[in-house]
Amino acid sequence: MSPRDHATETHQADSLSVVDLIPALRAFARTFCRVQEDADDLVQETLAKGLANLDKFEPGTRMKSWLFTIMRNTHYTRIKSAAREAPGLLDCASSRPVSEASQDWSVQSREVHQAIQKLPEHQREVLMLIGVLGVSYEEAADICGCAVGTVKSRLNRARAGVLQFLGETSSQALIEGCHPVAKNHWDSEAGRGR
């Protein structure tokens, strides 16, 4: 195999892995953008930048972390430019929040979603990376550009914040509260059968 064929094969393998990561990129984009179309635009811009700079990807590192870092940097660059270029944005109807369709969420999942959205962005980001996308603490630290201890601290604060917004004292109480079979259900059923 010639070096050119090997480079083409490597590029194709990288392209396939980029395509495989689109669902994870879309999920991560939702931590930054509350409107689905904005999240999709962020994913598209991230993919365009990633593919344009594929030659800068270091083999042996994780493509997912590399693309998440590109996405995060792209998002913060957008915020900076929007702040410079947006006089009168507060009065613009297109910038007002959009409410999700009620049929898409059950009451409880809507409450959890709203609680997560109330978190500061850096806590939402870590919660999504670790809790939803399954990224390791070390990878999350690389993506967020901070220490592993900071990631753990943000995650802990995010979990506590969600519980607080939901009015719960512990994650166990939240799980037991939403379980369809109450703890004493079996005792009451046994009592009726006698």
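Here the structure is shown first, and the text comes after it.
All residue numbers refer to positions counted from 1 along the written sequence of the respective chain. Totals for whole chains, interfaces and linings use every residue, but because this is a predicted model, local features are given only for residues with pLDDT of at least 70 and side-chain atom pairs only at 80 or more, for both listing and counting. The side-chain numbers reported here are obtained from all heavy atoms of the structure, hydrogens and water having been left aside.

On to the packing of aromatic side chains, then. A pair of aromatic rings is counted whenever rings of Phe, Tyr or Trp (Trp by its six-membered ring) have centres within 6.5 Å, and the orientation is called stacked for planes under 30 degrees apart, edge-to-face for over 60 and tilted otherwise. By the definition in use, this model includes 4 aromatic pairs. Consider the rings of F28 and F32, whose centres lie 5.0 Å apart with planes at 70°: the pair is edge-to-face. With a gap of 4 residues between them, F28 and F32 both fall in helix α2 (residues 22-32), about one helical turn apart. Pairwise contacts between aromatic rings join F28, F32, F68 and Y76 into one cluster. Look at NZ for Lys and CZ for Arg. If either is within 6 Å of the ring centre and within 35 degrees of the ring normal, a charge sits over the ring. Residue placement shows K152 over the ring face of Y137; its charged tip is 5.2 Å from the ring centre. Comment: elements are numbered from the N terminus, with helices defined as DSSP H or I runs of at least four residues and strands as E runs of at least two.

On to the nonpolar core. Nonpolar cores were defined as sets of buried Ala, Val, Leu, Ile, Met, Phe, Trp, Tyr and Cys residues, with membership established by side-chain atoms within 4.5 Å. Exposure is judged per residue with a 1.4 Å probe applied to protein chains only, and the accessible area is read against the type maximum: over 50% gives exposed, under 20% gives buried, and values in between give partly exposed. Ranked by size, the top nonpolar core spans 37 residues in total, and within it F28, M63, L67, F68, M71, L129 and L133 carry the most contacts. At the level of secondary structure, the elements contributing two or more residues to this core comprise α2, α3 (36-52), α4 (63-85), α6 (121-132), α7 (137-144) and α8 (148-166). Ranked by the residues each element gives to this core, the list is headed by α4, at 6 residues. Between two residues, a contact is recorded if the distance between any of their heavy atoms is within 4.5 Å. Setting aside anything within four residues of it in sequence, one finds F68 in contact with A24, L25, F28, L129, L133, V135 and I143.

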